[in-house]
Amino acid sequence: MNHEIEIIEVGKSGDGLYLQYEIDGTQYDCTGEFYIDKNGVLHHTHIMPDGEEVEVTYQYFN
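Small disclaimer: the values here were computed from a predicted structure and weren't measured.

Some details on the packing of aromatic side chains
Next up, step 1: What the rule picks out here adds up to two aromatic pairs.
Next up, step 2: A ring pair is formed by tyrosine 60 and phenylalanine 61, whose centres lie 6.1 Å apart and whose planes are at 75°; its orientation type is edge-to-face.

Re the nonpolar core
Next up, step 1: In this structure, Val10, Leu17, Leu19, Tyr21, Ile23, Phe34, Leu42, Met48, Val54 and Val56 together form the largest nonpolar core, which totals ten residues.
Next up, step 2: At the level of secondary structure, the elements contributing two or more residues to this core comprise β2 (16–23) and β6 (53–59).
Next up, step 3: Of the residues forming this core, the biggest block, four residues, is contributed by β2.
Next up, step 4: Here valine 10 is in contact with Tyr18, Leu19, Leu42, Tyr58 and Tyr60, once residues within four sequence places are set aside.

Details of the environment of leucine 19
Next up, step 1: Looking at the secondary structure, you find leucine 19 in strand β2.
Next up, step 2: According to the relative accessible area criterion, leucine 19 is buried, its value standing at 1%.
Next up, step 3: Between the alpha carbons of leucine 19 and histidine 44 there is a distance of 9.0 Å; along the sequence they are 25 residues apart.
Next up, step 4: Setting aside chain neighbours within four positions, we find leucine 19 in contact with Ile7, Glu9, Val10, Tyr28, Asp29, Cys30, Phe34, Leu42, His44 and Val56.

Some remarks on the sheet that holds strand β5 (residues 41–47)
Next up, step 1: Read across the sheet, three strands follow the order β4-β5-β6 without closing on themselves; strand pairing throughout is antiparallel. Two strands lie at the open edges of the sheet, namely β4 (35–36) and β6, each paired on one side alone.
Next up, step 2: Pairing of β4 with β5, which is carried by two bridges, proceeds in the antiparallel orientation. Counted as the bridge partner of tyrosine 35 is histidine 43 from β5.

How each quantity is defined
Residues numbered from 1 in each chain as written. Predicted model: local features only at pLDDT ≥ 70, side-chain atom pairs only at ≥ 80, totals over all residues. Heavy atoms only, no water. Phe/Tyr/Trp six-rings, centres within 6.5 Å; stacked < 30°, edge-to-face > 60°. Core = buried A, V, L, I, M, F, W, Y, C linked by side-chain atoms within 4.5 Å. Buried < 20%, exposed > 50% of the residue type's maximum accessible area, 1.4 Å probe, protein only. Helix = DSSP H or I, 4+ residues; strand = E, 2+ residues; numbered from the N terminus. Contact = heavy atoms within 4.5 Å. Pairing = 2+ DSSP bridges.

Structure, rendered in structure tokens:
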């Protein structure tokens, strides 16, 4: 299923990062350490209520 994903905010939180995002109009907050690939893209896996995994990505740095 295709989901509408919108990044609200990304920032530093203690030793890690926080991520605020919406999926299909519902807001979620997540803090911790995230995978950032060699291209500077932050990756977070969100588990939907039905068990579907949705990848949330954000261009964190260039």
